[in-house]
2 protein chains.
Amino acid sequence: MKTVTTVKEMRALTERWRRNGKTVALVPTMGALHDGHVSLIKAARAAAQRLVVSAFVNPTQFGPGEDLDKYPRDLKRDARLAANEKADVLFAPASEEIYPAGFDTTVTVGTALTQTMCGLARPHHFQGVTTVVAKLLAIIRPHQAFFGQKDYQQTLVVKRLAADLNTGCEIVVLPTVREADGLAKSSRNTFLSEEDRRVAGAIYQALKLAEGMLQVGERHPKELLEAVRKRLKSEPKLDLEYVVAKNADTLEDVLILSGRVLVAVAVHLGATRLIDNVIVDVPSGS
Amino acid sequence: MKTVTTVKEMRALTERWRRNGKTVALVPTMGALHDGHVSLIKAARAAAQRLVVSAFVNPTQFGPGEDLDKYPRDLKRDARLAANEKADVLFAPASEEIYPAGFDTTVTVGTALTQTMCGLARPHHFQGVTTVVAKLLAIIRPHQAFFGQKDYQQTLVVKRLAADLNTGCEIVVLPTVREADGLAKSSRNTFLSEEDRRVAGAIYQALKLAEGMLQVGERHPKELLEAVRKRLKSEPKLDLEYVVAKNADTLEDVLILSGRVLVAVAVHLGATRLIDNVIVDVPSGS
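The following refers to the structure shown. (Residues numbered from 1 in each chain as written. Chains lettered and ligands numbered in written order. Predicted model: local features only at pLDDT ≥ 70, side-chain atom pairs only at ≥ 80, totals over all residues. Heavy atoms only, no water.)

## Details of the sheet that holds strand S9 (residues 259–269) of chain A
Residue and element names in this part refer to chain A.
Part 1 of the argument: Across the sheet, 3 strands lie side by side as S8-S9-S10; this open sheet has antiparallel pairing. Sheet topology places strand S8 (238–247) and strand S10 (272–282) at the edges, where each strand pairs with a single neighbour. The mean angle between the axes of side-by-side strands here comes to 15°, regardless of whether they run parallel or antiparallel.
Part 2 of the argument: Pairing geometry for S9 and S10, over 11 bridges, is antiparallel. What sits directly across from Val-267, in S10, is Leu-274.
Part 3 of the argument: Together, S8, S9 and S10 form the strand contacts of helix H9 (residues 194–215), whose direction differs from that of S10 by roughly 20°.
Part 4 of the argument: Sheet strands in contact with helix H10 (residues 221–233) are S8 and S9, and its direction is about 155° off that of S8. (Pairing = 2+ DSSP bridges. Helix = DSSP H or I, 4+ residues; strand = E, 2+ residues; numbered from the N terminus. Axes fitted to C-alpha atoms, helices over the stretch in contact; angles between N-to-C directions. Contact = heavy atoms within 4.5 Å.)

In structure tokens form, the structure reads like this:
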């Protein structure tokens, strides 16, 4: 496996692959690879003839006071993991390579998908994500790019951008990979103390509670969300940012839960922000 | 020459060209081709093995009350002209092909280049331009795209976008093509009455006056702009929108004119808006 740090070299590689008729897959990450990433890399490896894993801690998707500086970085370990999974390239550019002097362009997806949920507490987050993803798709020109469902709102936003800007890239979303107690795998889990790690298990339990309630017929967001909040608040260290139940395709709030229902939460546990979600197919009219 | 109206067919063609190692040039237009476009098409034809002329009246770069509805359209004539110049493809998609239902992404270049000159009277214009150009570059994947200097601010904005989004496309800017009296060729010139057509000649005369003043040593924007305004106002039918003298690379205002100086004007003549500019190399310190 080759580690590439410049746009020029990355583009030359992928141009050559394209010219030779190879299919190309991308797994875009911020590094600090965990089992969730590995599941994306395995799927991407099986799907295409050439596989790029990108590892770039994108500064523009962090807000002031967020954890950009302390975000975990371990490029050697990332390279080892990507090589184990037979990636062809680890693309790990420096920040100045992606945002050189004079850089002044922004890609924005409209407010319906971005000014809700994570976009409320992190108002410039998705603009940072869409701009860097537009750039990565232009540099690497993958036929498919793989994302995890944990960042569900992000997957909708990226799908919108990939279609709207005619990237020719299919966005593939794979299930969240979880710890034994259900906690979603996340690079930020390494920040948790042993006690916080135990407490964090409540997030998935609350989501499973919502899933169960939907399966036995609950259709009212208010009742559902109250139950989820109550379960989360049983762990006093969990500080709730949002708990929502929405149309999973549009992120619209609904009066009656039916169709594909997203139940999503964001919590703070000490200085660490964690998000998770489940999607439940609710037969309409039942 | 082939006329292509769908993104899918256009992409298939250009993917095949790329795979066969062909170089691709694009001349993006809003149709209603005139001699200025023809000079771009000739240069693009000489520069690349495959040549696409696009003709798309982009609704998102027109503001409310502007001339979107009456903008001249004559696709048959455009196809004849493009074929005469041996273009390989005229890409002429319908609006719904470029902006299908649900479209919700915007590409924006920062305010330094866009919130001045044409961007003041047309606040969403450049966002419309950058979004559609990002899409055209993604669909057609040209190695080079050709623009005319008449829309000088646009060329700076598009260069910024093309670099920032890693399009891999070089933006080539060619000199403005003019009528015998110096009026810049423009699709909108067809709107002018005989009398207005005569009056419009004053625009280039005023710009030539500025050029002459710079060449004989004028370095103060105030004096220069007053002379330009005075010349323009000698034609009472010309309604001035802006007259500026700026650093031609950054569009910044300067106290002393030196280096590459842009002198640019926008005027209204009846219902028709006309823009033009000259760039003068002023030896610094002279």
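## Examining the interface of chain A and chain B
Part 1 of the argument: Opposite the 28 residues of chain A that make contact, chain B presents 28 residues.
Part 2 of the argument: With both chains or domains summed, chain A and chain B bury close to 2400 Å², and 43% of this area falls on carbon and sulfur atoms.
Part 3 of the argument: The tally of links from chain A across to chain B stands at 4 salt bridges.
Part 4 of the argument: Between Glu-15 of chain B and Arg-18 of chain A there is a salt bridge, with the nearest N and O atoms lying 3.2 Å from each other.
Part 5 of the argument: At the junction of chain A with chain B, the criterion picks out 20 residue pairs in polar contact (both at pLDDT 80 or more). (Buried area = accessible area lost by both parts, 1.4 Å probe. Salt bridge = Lys/Arg side-chain N within 4 Å of Asp/Glu carboxyl O. Polar contact = N/O pair within 3.5 Å; in protein donor to acceptor, adjacent residues only side chain to side chain.)

## Remarks on the nonpolar core
Part 1 of the argument: Core analysis: the biggest nonpolar cluster contains 93 residues, and Met-10, Phe-91 and Ile-140 of chain A together with Met-10, Phe-91 and Ile-140 of chain B have the highest contact counts within it.
Part 2 of the argument: If we skip the residues at most four places from it in the chain, Met-10 of chain B touches Val-4, Trp-17, Val-52, Val-89, Phe-91, Ile-139 and Ile-140 of chain B. (Core = buried A, V, L, I, M, F, W, Y, C linked by side-chain atoms within 4.5 Å. Buried < 20%, exposed > 50% of the residue type's maximum accessible area, 1.4 Å probe, protein only.)

## Quick look at the pattern of salt bridges
All names here are of chain A.
Part 1 of the argument: Summed over the entire model, instances satisfying the criterion amount to 42 salt bridges over all chains.
Part 2 of the argument: Among the salt bridges present, the one from Arg-273 reaches Glu-241, with a minimum N-O distance of 2.8 Å. Residue Arg-273 is found in strand S10, and its partner Glu-241 is found in strand S8; the two are separated by 32 residues along the sequence.
Part 3 of the argument: When its relative accessible area of 17% is taken as the criterion, Arg-273 is described as buried.

## Some points on the layout of surface pockets
Part 1 of the argument: Quantified by volume, the second largest pocket comes out at close to 360 Å³.
Part 2 of the argument: In terms of lining residues, the second largest pocket is bounded by 17 residues, among which Glu-15, Arg-18 and Arg-19 of chain A together with Arg-18 and Arg-19 of chain B are the most central.
Part 3 of the argument: Of all the secondary structure elements, the ones that give two or more residues to the lining of the second largest pocket are helix H1 (7–19) of chain A together with helix H1 (7–19) of chain B.
Part 4 of the argument: Across the lining of the second largest pocket, the residue classes tally to no nonpolar, 5 polar and 12 charged. (1 Å grid on protein atoms, 1.4 Å probe; cavity = no way out; pocket = protein on both sides within 12 Å on 5 of 7 lines; lining within 4 Å. Points joined across faces, edges and corners; volume = space filled by probe spheres on them. Nonpolar A, V, L, I, M, F, W, Y, C, P; charged D, E, K, R; others polar.)

## Concerning helix H9 (residues 194–215) of chain B
Part 1 of the argument: For H9 of chain B, which comprises 22 residues, the first-to-last C-alpha distance of 33 Å matches the rise-based estimate of 32 Å (1.5 Å per residue) to within 8%.
Part 2 of the argument: Positive backbone phi, approximately 115°, marks Gly-217 of chain B, located one or two places after H9 of chain B. (Expected span 1.5 Å × (residues − 1).)

## Focus: the packing of aromatic side chains
Aromatic rings in a pair are described by how distant their centres are and how their planes are angled relative to each other.
Residues and elements named next belong to chain A.
Part 1 of the argument: Summed over the entire model, instances satisfying the criterion amount to 6 aromatic pairs over all chains.
Part 2 of the argument: Judged by centre distance (6.2 Å) and plane angle (45°), the ring pair of Phe-56 and Tyr-99 falls under tilted. Residue Phe-56 is found in the loop between strand S3 (50–55) and helix H3 (75–84), and its partner Tyr-99 is found in the loop between helix H4 (95–98) and strand S5 (105–109); the two are separated by 43 residues along the sequence. Of the two residues, Phe-56 and Tyr-99, neither departs from the other in class, the shared state being buried. (Phe/Tyr/Trp six-rings, centres within 6.5 Å; stacked < 30°, edge-to-face > 60°.)

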